Amino acid sequence: NMLNTYRLFVFFVMVIPAVNEYYYFITNKEEEGLNKKLGVFTWIFLSCTTLEFLIIYKFGNELFALPWPPLVKWSWICAGSVTLLAIGIWTLKLKALKPKTQ
């Protein structure tokens, strides 16, 4: 379906500035005077991703009648948990390494 291809392309184009803004937010140095707020593209991307998951959750019941195999389910749970944990640790380490100005 071409609509799915266009949707994925729009998400890909949205991710580029969103990741850039998130990187600058995490590695922001206070002495450079950069903004300490998360960027607009990052918030838009997070809201679009959340909305897409909610739509899949609401309308996806008829598409997937059989439950996921346990191996697939636990693989996705582990991969998501490890990714969130790694991003959380990375964020905390970068915030802890910043020198505190008075």
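Going by the structure above, here's the rest.
### As for the overall build of the chain
Here is step 1 of the chain: Across its full length, the chain holds 3 helices and 0 strands.
Here is step 2 of the chain: Along the chain, helices and strands appear, N-terminal first, in the series α-α-α.
Here is step 3 of the chain: Per-residue burial over the chain gives 10% buried out of 102 residues.
Here is step 4 of the chain: Taking contacts inside the chain between residues at least 6 apart in sequence as the whole, the part at least 24 apart equals 64%.

### Side note on the pattern of salt bridges
Here is step 1 of the chain: In this structure the tally under the stated criterion is 1 salt bridge.
Here is step 2 of the chain: Here Arg7 and Glu52 are joined by a salt bridge, their closest N and O atoms 2.5 Å apart. Here Glu52 lies in helix H2 (residues 40-59) and Arg7 lies in helix H1 (residues 2-26), a separation of 45 residues in the sequence.
Here is step 3 of the chain: A relative accessible area of 31% means that Arg7 is categorised as partly exposed.

### Focus: the side chain of Thr91
Here is step 1 of the chain: Within the fold, Thr91 resides in helix H3 (residues 70-97).
Here is step 2 of the chain: Side-chain polar atoms of Thr91 contact the side chain of Tyr22, separated by 3.0 Å.
Here is step 3 of the chain: What Thr91 contacts, discounting residues up to four positions off in sequence, is Tyr22 and Ile26.

### Remarks on H1
Here is step 1 of the chain: Between its first and last C-alpha, H1 extends 36 Å over 25 residues, near the 36 Å set by a 1.5 Å rise per residue.
Here is step 2 of the chain: Approximately 25 degrees is the largest bend angle found in H1, and it occurs at Val15, with the proline Pro17 only one to four residues beyond.
Here is step 3 of the chain: Residues of H1 that are buried include every one of Phe11, Met14, Ala18 and Ile26, and no others.
Here is step 4 of the chain: One side-chain oxygen of the residue at the start of H1 lies 3.2 Å from the amide nitrogen of Leu3, identifying that residue as Asn1.

### Observations regarding a nonpolar patch on the surface
Here is step 1 of the chain: There is a patch of nonpolar side chains on the surface, built from Phe9, Val10, Phe12, Val13 and Ile16 and spanning about 510 Å² of accessible area.
Here is step 2 of the chain: Along the chain, Val13 turns up in helix H1.
Here is step 3 of the chain: The exposure class of Val13 is partly exposed, given its relative accessible area of 40%.

### With respect to the packing of H1 against H3
Here is step 1 of the chain: At a minimum axis separation of 9 Å, H1 and H3 run at an interaxial angle of 40 degrees. Between H1 and H3, the interaxial angle falls into the category oblique. In this structure, H1 contributes Tyr22, Tyr23, Phe25 and Ile26 to the contact, and H3 contributes Ile87, Trp90, Thr91, Leu94 and Lys95.
Here is step 2 of the chain: Of the residues that constitute the contact of H1 with H3, the class distribution is 7 nonpolar, 1 polar and 1 charged.

What counts and what doesn't
- Residues numbered from 1 in each chain as written.
- Predicted model: local features only at pLDDT ≥ 70, side-chain atom pairs only at ≥ 80, totals over all residues.
- Heavy atoms only, no water.
- Helix = DSSP H or I, 4+ residues; strand = E, 2+ residues; numbered from the N terminus.
- Buried < 20%, exposed > 50% of the residue type's maximum accessible area, 1.4 Å probe, protein only.
- Contact = heavy atoms within 4.5 Å.
- Salt bridge = Lys/Arg side-chain N within 4 Å of Asp/Glu carboxyl O.
- Polar contact = N/O pair within 3.5 Å; in protein donor to acceptor, adjacent residues only side chain to side chain.
- Expected span 1.5 Å × (residues − 1).
- Bend = angle between axes of the 7 residues up to and from the residue.
- Patch = residues over 30% accessible without salt bridge, like charges linked within 9 Å, V, L, I, M, F, W, Y side chains within 5 Å.
- Areas by Shrake-Rupley, 256 points an atom, 1.4 Å probe, with all protein chains shown as cover.
- Axes fitted to C-alpha atoms, helices over the stretch in contact; angles between N-to-C directions.
- Parallel < 35°, antiparallel > 145°, perpendicular 65-115°, else oblique.
- Nonpolar A, V, L, I, M, F, W, Y, C, P; charged D, E, K, R; others polar.

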